[in-house]
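Residue strings, one per chain:
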There are 2 protein chains.
Amino acid sequence: MNNSAPCVILVEPQLAENVGMTARAMMNCGLSELRLVNPRENHLSDKAISASSNAEEILYNAKVFTSTEEALANLQWVVATTARHRDQTKTVLGAENAAKLMAEKIKAGMFCGIMFGPERCGLNNKDVCLADAIVNIPLNPKHCSLNLSQAVLLVGYEFYKTQTECKKDEFVTNNTTPATKEKIFKFCSFLEGLVADCGNFKDDEKREKLVINLRNVFTRNQLTEQELNTLYGIINHIRKN
Amino acid sequence: MNNSAPCVILVEPQLAENVGMTARAMMNCGLSELRLVNPRENHLSDKAISASSNAEEILYNAKVFTSTEEALANLQWVVATTARHRDQTKTVLGAENAAKLMAEKIKAGMFCGIMFGPERCGLNNKDVCLADAIVNIPLNPKHCSLNLSQAVLLVGYEFYKTQTECKKDEFVTNNTTPATKEKIFKFCSFLEGLVADCGNFKDDEKREKLVINLRNVFTRNQLTEQELNTLYGIINHIRKN
């Protein structure tokens, strides 16, 4: 039993394909333990394996139970996903908060699980009441019916985000580096010189405007050295022709 | 053209079913405008309509283009989703930040779009270079191949979250209310009295421990009035038998 991530419990899933796609979504999110309560179809059928798209390991390791109680037995904190409000007294958590809370509990050594109901109607009240809290996935209230594997994906994604340092946005330059200001200003002067050569720089006010525009254009887009070279090349090519 | 949400551009989608599932995911996330660049299959086929699960409106309104440039022509800010790093000079944004930035731009009146590539291989470099930034969805790096509609769902979900006030976690009680402390203490005293009647409260230290345990049990779980009545009912029933 893995205690670095919650297990996923599918209660009475109807279609083998959805179980396979759930395995794929779990793998995407770094989840590995799948429990099935009375699946209608064989979760090791060709359909399921094919839908899992290389996540069949999760299907082979999945455990099948005959009741939800048994499937939850050795867990310590369990949430139930449901789109509809239930006639139950229960804490309802947003998906992001539920993931954070679960991550804390897992860090504290607790075994956790996320329950999902059948495709057609979701979890029934008898299953929901077994959970410590309800998870609500914030989606368009006019169209919140979600494919089973997509519900797993969204909750898993929120959990995965709690486990990875939020990647900083980055400017990728690969084999080149952002050009220094000196090189960019030099390029602008080069362009300005070319325009002056054409005799279009006689009006001081116009010239000033053009200079400002050019410098704005070429400082706003974080040019790299390679890109500057490309621009020089193009211009030199034009001049020769 | 809708300017309250980004449009979704699928470049050369291969399977009609995935286009249908994309429409469903878009509807889940409050997105409505779908653009298709050279789809391989008919996006209005029975397969696509059935996979859209009541989001066929989006399919009927989808526009088909013969080049990515045309599909992006009237947009002002576009991001490209790709799992792999590209040999390009481009800003890479995490999905959450990309959604926030896009929401700001939309609020400022800009027309925005999110580009997705073909199922088999994702966007090619010629398409990626047309985008203002790359979006990276944080997922298990060992298994980040994502079904097309699931990629749309995750980016759409992040956008939807920027548009809805983050729902506070709530304690749902339906037709009853959380019991007052007075009622809970009274219930505890009632239980303590029953235990005393059985003659088990002679040892002061033991009694104190039991009282504390009982009060902890019944204050930790935020009982409602209805639940208190249920507990009284059960105990009275036991006593009569």
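Please refer to the structure placed before this passage.
Residues numbered from 1 in each chain as written. Chains lettered and ligands numbered in written order. Predicted model: local features only at pLDDT ≥ 70, side-chain atom pairs only at ≥ 80, totals over all residues. Heavy atoms only, no water.

A. Structural detail: the overall build of chain A. In terms of helices and strands, chain A carries 10 helices and 8 strands. Over its C-alpha atoms chain A spans a radius of gyration of 29 Å, topping by over 25% the 18 Å that the globule rule assigns to 241 residues. Here chain A holds 241 residues, and 48% of them are scored as buried. Across chain A, every contact between residues at least 6 apart in sequence was considered, and the portion connecting residues at least 24 apart equals 83%. Summing over all exposed atoms, chain A offers an accessible surface of approximately 12500 Å²; the carbon and sulfur share of this is 50%. Seen as two clouds, the 28 positive and the 28 negative side-chain charges of chain A have centres 5 Å apart. (Helix = DSSP H or I, 4+ residues; strand = E, 2+ residues; numbered from the N terminus. Rg over C-alpha atoms; globule rule 2.2 N^0.38 Å. Buried < 20%, exposed > 50% of the residue type's maximum accessible area, 1.4 Å probe, protein only. Contact = heavy atoms within 4.5 Å. Areas by Shrake-Rupley, 256 points an atom, 1.4 Å probe, with all protein chains shown as cover. Lys, Arg positive; Asp, Glu negative; His and termini not counted. Charge placed at Lys NZ, Arg CZ, Asp CG, Glu CD.)

B. Structural detail: the interface of chain B and chain A. If you look at the interface, chain B gives 52 residues, while chain A gives 52 residues. Linking chain B with chain A are 4 salt bridges, by the criterion used here. Across the pair Lys161(A) and Glu96(B) runs a salt bridge whose closest N-O atoms are separated by 2.8 Å. Only α1 (16-28), β5 (90-94), α5 (95-107), α7 (148-163) and β8 (170-172) of chain B provide two or more residues apiece to the side of chain B that touches chain A. (Salt bridge = Lys/Arg side-chain N within 4 Å of Asp/Glu carboxyl O.)

C. View of the pairing of strand β7 (residues 133-136) of chain B. Residues and elements named next belong to chain B. Alternating positions in β7 separate into two faces, Ala133 and Val135 on one and Ile134 and Asn136 on the other, with burial throughout. Direction of pairing for strand β4 (residues 77-81) relative to β7: parallel, over a ladder of 3 bridges. Each bridged residue has a counterpart across the sheet, and for Val79 the counterpart in β7 is Ala133. As defined by bridge partners, β5 adjoins β7 across 4 bridges and the pair is classed as parallel. Each residue of the ladder has a partner; that of Leu93, found in β7, is Val135. (Pairing = 2+ DSSP bridges.)

D. How the structure looks around the nonpolar core. Within the largest apolar cluster, 89 residues are counted, with the highest numbers of intra-cluster contacts made by Leu34(A) and Leu34(B). When neighbours within four sequence positions are excluded, Leu34(B) is seen to be in contact with Val8(B), Leu10(B), Val19(B), Thr22(B), Met26(B), Ile58(B), Leu59(B), Ala62(B) and Lys63(B). (Core = buried A, V, L, I, M, F, W, Y, C linked by side-chain atoms within 4.5 Å.)

E. Here's a closer look at the side chain of Thr176(B). Here Thr176(B) lies in the loop between β8 and α8 (181-197). Note on Thr176(B): relative accessible area 9%, which makes it buried. A polar contact is formed between the side chain of Thr176(B) and the backbone nitrogen of Gln226(B), at a distance of 3.2 Å. When near neighbours in sequence (up to four residues on either side) are disregarded, Thr176(B) contacts Thr89(A), Thr224(B), Glu225(B) and Gln226(B). (Polar contact = N/O pair within 3.5 Å; in protein donor to acceptor, adjacent residues only side chain to side chain.)

F. Structural view of α5(B). Between its first and last C-alpha atoms α5(B) spans 18 Å; for 13 residues at 1.5 Å apiece the expected length is 18 Å, and the two agree. Taken together, the buried positions of α5(B) are Ala95(B), Ala98(B), Ala99(B), Met102(B), Ala103(B) and Ile106(B). For α5(B), the arc enclosing every buried residue in end-on projection is 135 degrees, short of the 170-degree limit, so these residues lie on one face. Counted as exposed and oriented over 90 degrees from the buried face of α5(B): Glu104(B) and Lys107(B). Buried residues along α5(B) sit against α7 (148-163) of chain A together with β4, β5, β6 (112-116), β7 and α7 of chain B. Of the residues one or two after α5(B), Gly109(B) is the one with positive phi, at around 95 degrees. (Expected span 1.5 Å × (residues − 1). Arc of directions from axis to C-beta.)

G. Quick look at the relation of the copies chain B and chain A. Least-squares fitting of chain B to chain A yields an RMSD of 0.1 Å, with the superposition described by an axial translation of 0.0 Å and a rotation of 180 degrees. The superposition of one copy onto the other is thereby described by a two-fold rotation axis. Looking at chain B, 100% of its interface residues are interface residues in chain A too, so the copies touch through the same face. (Least-squares fit on C-alpha atoms with pLDDT ≥ 70 in both.)

H. Local environment of α1(B). Residue and element names in this part refer to chain B. Compared with an ideal rise of 1.5 Å per residue, which puts 13 residues at 18 Å, α1 spans 19 Å between its outermost C-alpha atoms and is within 8% of the ideal. Of all 13 residues in α1, 12 are buried, a share of seventy percent or more. Buried within α1 we find Ala16, Asn18, Val19, Gly20, Met21, Thr22, Ala23, Arg24, Ala25, Met26, Met27 and Asn28. Gly30 sits one or two positions beyond α1 and adopts a positive phi of about 75 degrees.

I. A look at the packing of aromatic side chains. A full pass over the atoms with the stated rule returns 8 aromatic pairs over all chains. Measuring from centroid to centroid gives 5.0 Å for Phe187(B) and Tyr232(B), while their planes differ by 85 degrees, and the two rings are edge-to-face. You can see Phe187(B) sitting in helix α8 and its partner Tyr232(B) sitting in helix α10 (residues 225-240), a full 45 residues away along the chain. Its relative accessible area of 0% is what places Phe187(B) among the buried residues. A relative accessible area of 22% means that Tyr232(B) is categorised as partly exposed. Seen in terms of ring centroids, Phe190(B) and Tyr232(B) are 5.0 Å apart; in terms of plane orientation they differ by 50 degrees. Their pairing is tilted. Taken as a pair, Phe190(B) in helix α8 and Tyr232(B) in helix α10 lie far apart in primary sequence, 42 residues in all. Three or more aromatic residues joined by ring pairs make a cluster, and in this case those are Phe187(A), Phe190(A), Phe218(A) and Tyr232(A). (Phe/Tyr/Trp six-rings, centres within 6.5 Å; stacked < 30°, edge-to-face > 60°.)

J. Quick peek at the pattern of salt bridges. Under the counting rule described, the total for this entry stands at 14 salt bridges over all chains. Between Lys161(A) and Glu158(B) there is a salt bridge whose closest N-O contact spans 2.5 Å. Residue Lys161(A) is located in helix α7, and its partner Glu158(B) is located in helix α7; the two belong to separate chains. Comparing Lys161(A) with Glu158(B), the two get one shared label, buried.

K. The arrangement of the sheet that holds strand β5 (residues 90-94) of chain A in detail. Taking strand neighbours across the sheet as the criterion, the 8 strands line up as β3(A)-β2(A)-β1(A)-β6(A)-β4(A)-β7(A)-β5(A)-β8(B) in an open arrangement whose pairing is mixed. At either margin of the open sheet sits one strand with a lone partner, and together these are β3 (63-65) of chain A together with β8 of chain B. Recorded for the sheet is a direction-independent mean angle of 30 degrees between the axes of neighbouring strands. Sheet strands touched by helix α5 (residues 95-107) of chain A: β4 (77-81), β5, β6 (112-116) and β7 (133-136) of chain A. Its angle to β5(A), the strand with the most contacts, is close to 105 degrees. (Axes fitted to C-alpha atoms, helices over the stretch in contact; angles between N-to-C directions.)

L. Up close: the sheet that holds β6(B). Taken in spatial order, the 8 strands line up as β8(A)-β5(B)-β7(B)-β4(B)-β6(B)-β1(B)-β2(B)-β3(B) in an open sheet, and their pairing is mixed. If you trace the sheet from one side to the other, it starts and ends with β8 (170-172) of chain A together with β3 (63-65) of chain B, each paired once. Averaged over all adjacent pairs, the angle separating strand axes in this sheet is 30 degrees, with direction ignored. Those strands touched by α7(B) are β1 (7-11), β4 and β6 of chain B, and its axis lies near 150 degrees from that of β6(B).

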